[in-house]
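As a plain string of letters, each chain reads:
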Amino acid sequence: MPTHRVFFSHASVDKPVIRQLRRALSAFQIDAWLDERELLPGDSLWAGLAEGLSQADRVLVFLSEASLASRWVKRETAAALAREAREDQPLVVPILLGSVAPPTFLDDRVYIRVDTRNLAPAIVDLLRAVFRMRSVVLTSAEPERPHRLRSLASDLSEHAGAISAGTLHVVFDYFHA
């Protein structure tokens, strides 16, 4: 059972990295709303998007050259910002792909920059954003499959130098090998 729901607002051309990040977050019981997983042929696109946006704990807006030109990403972001203003709670998290700069309407936000050659620091930052915590303790949502956590934790630990001090703690409590 997912503990948090997030909505991925993105351009279709960015799907490869979006899928990788969705898979990584799912290991931590984060349910990421992704159009290709949620919508069926014949579904109303806007009704489906609106439902996903309304159920999300966070809206992750992936910004790339393509998404900045996308009318769908603009609509999703506008809807999320309106909900954020109504609820007076942080909801929208800008995520920069490539060398894109944050758009003016999001330039007051702390953003996450994704380096597609090394996703580990972005995954940690995404976990911090979703759970609204300064540090992250990595535990497995699937104790029966510890190899998944061990692999991810190993990747993240290798790149700890690229991650701000104090933001990464890896827990191996149940690894009594």
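What counts as what
Residues numbered from 1 in each chain as written. Predicted model: local features only at pLDDT ≥ 70, side-chain atom pairs only at ≥ 80, totals over all residues. Heavy atoms only, no water. Core = buried A, V, L, I, M, F, W, Y, C linked by side-chain atoms within 4.5 Å. Buried < 20%, exposed > 50% of the residue type's maximum accessible area, 1.4 Å probe, protein only. Helix = DSSP H or I, 4+ residues; strand = E, 2+ residues; numbered from the N terminus. Contact = heavy atoms within 4.5 Å. Pairing = 2+ DSSP bridges. Axes fitted to C-alpha atoms, helices over the stretch in contact; angles between N-to-C directions. Salt bridge = Lys/Arg side-chain N within 4 Å of Asp/Glu carboxyl O.

(A) Structural detail: the nonpolar core. Core analysis: the biggest nonpolar cluster contains 26 residues, and Phe 8, Leu 21, Leu 60, Phe 62, Ile 95, Ile 112 and Val 114 have the highest contact counts within it. Those elements that place two or more of their residues in this core are β1 (4-9), α1 (15-26), β2 (30-33), β3 (58-63), β4 (92-97), β5 (112-114) and α6 (120-131). The dominant element in this core, judged by the number of residues it contributes, is α6, at six residues. With sequence-adjacent residues up to four places away left out, Leu 60 is seen in contact with Val 6, Phe 7, Phe 8, Ser 9, Leu 25, Val 93, Ile 95 and Leu 126. Within the second largest apolar cluster, 15 residues are counted, among which are Trp 33, Leu 49, Val 73 and Val 100.

(B) Broad picture of the environment of Ala 50. Looking at where Ala 50 falls in the secondary structure, it is placed in helix α3 (residues 45-55). Remark: the alpha-carbon pair of Ala 50 and Arg 75, spanning 25 residues in sequence, is separated by 9.9 Å.

(C) Representation of the sheet that holds β2. The sheet built from five strands is open, its strands ordered β2-β1-β3-β4-β5 with parallel pairing. Each edge of the sheet is formed by a strand with only one pairing partner; in this case those strands are β2 and β5. On average, each strand axis in the sheet is inclined to that of its neighbour by 30°, with strand direction left out of account. Across the sheet, helix α5 (residues 71-87) touches β1, β3 and β4, and the angle it forms with β1 is around 140°. Packed onto the sheet, α6 meets β1, β2, β3, β4 and β5 and runs at close to 150° relative to β5.

(D) Focus on the pattern of salt bridges. Within the structure shown, the criterion is met by eight salt bridges. A salt bridge links Glu 87 to Arg 83, with the nearest nitrogen and oxygen atoms 2.9 Å apart. On the criterion of helical spacing, the pair formed by Glu 87 and Arg 83 is a turn pair, its members being four residues apart in helix α5. Two residues, Asp 115 and Arg 117, come together in a salt bridge whose shortest N-O distance is 3.0 Å.

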